[in-house]
Amino acid sequence: MDLPGKVSLITGSARGIGQAIAFLLAKHGSHIVVNDLLEKEGMETVQAIQKLGVKALWAKADISNEQEVERMFSEVFKHFDNVDILVNNAGVGSPLMVEDMSYEVWKRVIDTNLNGAFLCCKQVIPRMQKKKYGRIINISSVAAKKISYHGSAAYTAAKAGLLGFTRHLAYELAPYGITVNALCPGGTLTPRIRERVTQEEMDAEIKRFPIGRWALPEDQAKAVLFLVSDQAEIITGQALDVDGGELLAWMDFETYQKWRKRFVTKG
Ligand SMILES: NC(=O)c1ccc[n+]([C@@H]2O[C@H](COP(=O)([O-])OP(=O)(O)OC[C@H]3O[C@@H](n4cnc5c(N)ncnc54)[C@H](O)[C@@H]3O)[C@@H](O)[C@H]2O)c1
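Just so we're clear, the structure is a prediction, and the values are computed from it rather than from any experiment.

*Asks:* What am I meant to see in the overall build of the protein chain here?
*Replies:* On a plain count of helices and strands, the protein chain comes out with nine helices and seven strands. Reported as C-alpha extents along the three principal axes, the dimensions of the protein chain are approximately 70 × 45 × 35 Å. In the protein chain, which comprises 267 residues, the share counted as buried stands at 42%. For the protein chain, the proportion of contacts with a sequence separation of at least 24, taken over those separated by at least 6, is 72%.

Below, the structure is given as structure tokens:
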């Protein structure tokens, strides 16, 4: 799964899932562009990646802002000829119910999760087409297939939209040898979640996951590594659930066993 000399840009990679993806792709030989709004964490991530022996570049930009995205990529293309791997990972939610949500909040969630991916894709596609190579990964969510726990209707809508965008873009870019896939993480223990939830609450939530544990940022990164590797060169337009079976579980395992046993007949 080596990515020697490849250039990967991961949006929102100063922390959490994006940072784990950046570290893993770097460990497999890719140069990395770290994008985020968080300057201190972003610079620290860049320094840690440089220690792995690849080039790393800090690219601060709000990916929901067209001018900032254009400026970021013109800077990136001064350092690298191409972006071979684009991971649209930056995302935000909001805990508000629809009746309490301003149009501004709705737009911020859609702009970051969905429109930001569109803006970044637009910048990399022409060079990928010329090279006849590219890997685009859109980080969606299990919320795209059910609903979000705490991200709001705007988040669910944006992440579902990202799956439609993934399928359509995959079709448009397939003739150029460019694959486009989505990842649907289930509940993933990032520092942001650890800060807000007690150990007791985290343990209680494990019943959501048939596999018996929370996903970690590194689990999401491993799935991304597979999808950008040559092992997955024929896979495009797909949405991979990385969720320990969370989407399968519409009841906890104890309830499943209770009901199943009622219908067991002898012989
Ligand atoms: N953690 C989970 O349980 C989970 C589950 C499903 C999907 N996801 C998705 O995975 C992705 C990463 O989530 P995470 O849990 O690591 O979140 P996180 O908040 O820890 O990281 C997201 C990063 O994106 C950055 N960001 C936000 N808005 C930005 C913008 N406009 N421009 C540039 N950077 C911006 C943030 O500063 C942050 O560093 C998100 O798209 C999220 O929706 C997470």
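Structure shown, so let's carry the discussion forward.
*Asks:* Honestly, the environment of Ala221 in this entry has me stumped. Any pointers?
*Replies:* Topologically, Ala221 is positioned in helix α8 (residues 217-228). Taking the C-beta count within 10 Å as the criterion, Ala221 has 24 such neighbours and is therefore assigned buried. Residue contacts for Ala221: discarding those within four places in its chain leaves Ala20, Ile21 and Leu24.

*Asks:* How should the sheet that holds strand β1 (residues 7-10) be read in this particular structure?
*Replies:* Two orientations exist for strands paired in a sheet by backbone hydrogen bonds: parallel and antiparallel. Strand order in this open sheet of seven strands is β3-β2-β1-β4-β5-β6-β7, and the pairing throughout is parallel. Whereas interior strands pair on both sides, the edge strands pair on one side only; in this sheet they are β3 (56-60) and β7 (239-242). Between one strand axis and the next, the sheet turns through 20 degrees on average, direction left out of account. In the sheet, strand β4 (residues 85-88) pairs with strand β5 (residues 134-139) via four bridges, with the strands oriented parallel. The partner of Asn88 across the bridge, within β5, is Asn138. In this fold helix α4 (residues 103-131) packs onto β4, β5 and β6 (178-185), with an angle of close to 175 degrees to the strand it touches most, β4.

Rules used throughout
Residues numbered from 1 in each chain as written. Predicted model: local features only at pLDDT ≥ 70, side-chain atom pairs only at ≥ 80, totals over all residues. Helix = DSSP H or I, 4+ residues; strand = E, 2+ residues; numbered from the N terminus. Buried ≥ 20, exposed ≤ 12 C-beta atoms within 10 Å, placed from the backbone. Contact = placed C-beta atoms within 7 Å. Pairing = 2+ DSSP bridges. Axes fitted to C-alpha atoms, helices over the stretch in contact; angles between N-to-C directions.

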